[in-house]
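Architecture at a glance
Each chain is listed here by its residues.
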Amino acid sequence: MGPGRLIVVATPIGNLGDLSPRAAEALRTADVVAAEDTRRTGRLLAHIGVDTPLVSYHEHNEAARTEALLDRVEQGETVALVSDAGTPGISDPGYRLVRAAAERGAAVEAIPGPVAAVQALVLSGLPTDRFAVEGFLPRKATLRSRRLAELSGDTRTLVFYVAPHRAEADLDAMATALGPDRRAALARELTKLHEQVIRGSLEELRRVAAEGIRGEVTVVVAGASSATVSTDVEDDELAARVRELIAAGTAKKAAIADVAVAAGVPKRRVYQAVLDTS
């Protein structure tokens, strides 16, 4: 049997017409397709007339399935890896399998295709020269606030994935940590019939989310301006940021450290600012 390989295959994020001919051929000729959701991928395979065997590969069985899949590769088989939608490994299972394959010296290929983060970024109208895909924010309010505080001084455009039922809470936290007037865009149902992109301030998007939102959501936020990250920030503003984080559940010491990092100032200055305004 000839050398096997692992192929990371990007699949549509909504519109099935976005599956490339090369991706379809890889799914047709693979010995097995490792899928995040076999039912969803089964429908995709049926759509293109492919009956390649499926095996589940998701966050709950990655550890157990990785070695078995790579054993098949070493035996000369071709394993195609797909996620529910988009490119595996981008906020989806996949990178552990690729890493393990590389460590074993197995051949790894990737077939490019849709990525919701990039699609939303392009549609946002915000700068695209430097950006960071943050994926999903932590569910716990304290951890979410801490992460956003760390990002508040980042000058790159930021891309977040947001679950519809957490959209209001996430956008409220973004508005608090990054500033209610920070420019942003909310993209939902990308590539689908009801695709929608709403552009405005974080506060405006928070109000949209408060009215209820459905479908897959991606939020793109403008990076901090030089004025935002200036070390000339007033002490009362530093203290206010600390109080906001504490109100959200962050411990005082951690809040001070987070604000200091975000503002680019010494922790002792933030600590003193809190004391002076108490």
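Below or above, wherever it landed, is the structure these notes cover.

Rules and cut-offs
Here the residue numbers are simple positions, counted from 1 along each chain's written sequence. Given that this is a predicted model, residues contribute local features only at a pLDDT of at least 70 and side-chain atom pairs are listed and counted only at 80 or more, while totals for whole chains, interfaces and linings are drawn from all residues. To get the side-chain values, all heavy atoms of the structure are used, and hydrogens and water are removed first. At least two bridges found by DSSP between two strands is the condition for calling them paired. Helix numbers and strand numbers start at the N terminus; a helix is a DSSP run of H or I with at least 4 residues, a strand a run of E with at least 2. All axes are obtained by fitting lines to C-alpha atoms, using only the stretch in contact for helices, and the reported angles, taken between N-to-C directions, cover 0 to 180 degrees. When checking whether two residues touch, look at their non-hydrogen atoms; a contact exists if any pair is within 4.5 Å. Only protein chains enter the accessibility calculation, which uses a 1.4 Å probe; a residue whose area is less than 20% of its type maximum is buried, one above 50% is exposed, and one in between is partly exposed. Aromatic contacts are taken between Phe, Tyr and Trp rings whose centres are within 6.5 Å, Trp giving its six-membered ring; a plane angle under 30 degrees counts as stacked, one over 60 as edge-to-face, and the others as tilted. As used here, the term nonpolar core means buried Ala, Val, Leu, Ile, Met, Phe, Trp, Tyr and Cys residues forming a set that is joined through side-chain atoms within 4.5 Å.

Some details on the sheet that holds strand β1 (residues 5–9)
One open sheet accounts for five strands, arranged β3-β2-β4-β1-β5; its pairing is parallel. Both edges of this open sheet fall to β3 (54–56) and β5 (107–111), since each of them pairs with a single strand only. On average, each strand axis in the sheet is tilted by 25 degrees relative to the strand beside it, whichever way the strands run. Running at roughly 135 degrees to β5, helix α1 (residues 21–29) makes contact with β1, β2 (32–35), β4 (78–82) and β5 of the sheet.

Things to note about the environment of isoleucine 198
Along the chain, isoleucine 198 falls in strand β9 (residues 196–201). In this structure isoleucine 198 comes out as partly exposed when scored by relative accessible area, which is 21%. Through-space distance from the C-alpha of isoleucine 198 to that of alanine 26 is 36 Å; in sequence the pair is 172 residues apart. Excluding residues that lie within four positions of it along the chain, isoleucine 198 makes contacts with Ala184, Ala185, Leu186, Leu205 and Val208.

Examining the sheet that holds strand β8 (residues 183–188)
In any sheet, the strands associate via hydrogen bonds between backbone groups, in a parallel or an antiparallel arrangement. If you trace the five strands from one edge of the open sheet to the other, you get β6-β7-β10-β8-β9, paired in mixed fashion. If you trace the sheet from one side to the other, it starts and ends with β6 (131–136) and β9, each paired once. Pairwise comparison of adjacent strand axes, ignoring direction, gives a mean angle of 20 degrees for this sheet. Pairing analysis gives five bridges linking strand β7 (residues 157–162) to strand β10 (residues 217–221), with the strands arranged antiparallel. Bridge pairing in β10 links tyrosine 161 to threonine 218. Against the sheet, helix α8 (residues 202–210) touches β8, β9 and β10, its axis set at about 130 degrees to β9.

What to know about the packing of aromatic side chains
Enumeration according to the criterion identifies one aromatic pair in this entry. When the centroid spacing of 5.8 Å and the interplanar angle of 50 degrees are considered together, the rings of phenylalanine 136 and tyrosine 161 count as tilted. Of the two residues, phenylalanine 136 sits in strand β6 while tyrosine 161 sits in strand β7, which places them 25 residues apart along the sequence.

Focus on the nonpolar core
With 22 residues, the main nonpolar core has Phe160, Leu171, Met174, Leu202, Val219 and Val221 as its most contacted residues. Broken down by element, the residue count for this core peaks at six residues, all from helix α7 (residues 167–178). Beyond its immediate sequence surroundings of up to four residues, leucine 171 is in contact with Leu186, Leu202, Leu205, Arg206, Ala209 and Val219. Of all hydrophobic cores here, the second largest spans 16 residues; its members include Val9, Ala24, Ala26 and Leu44.

Regarding the pairing of β1
Counting buried residues in β1 gives four out of five residues, a clear majority hidden from the surface. As defined by bridge partners, β1 adjoins β4 across four bridges and the pair is classed as parallel. Following the sheet pairing, isoleucine 7 is matched in β4 by alanine 80. As defined by bridge partners, β1 adjoins β5 across five bridges and the pair is classed as parallel. Residue valine 9 lies in a different strand from β5, and its bridge partner there is isoleucine 111.

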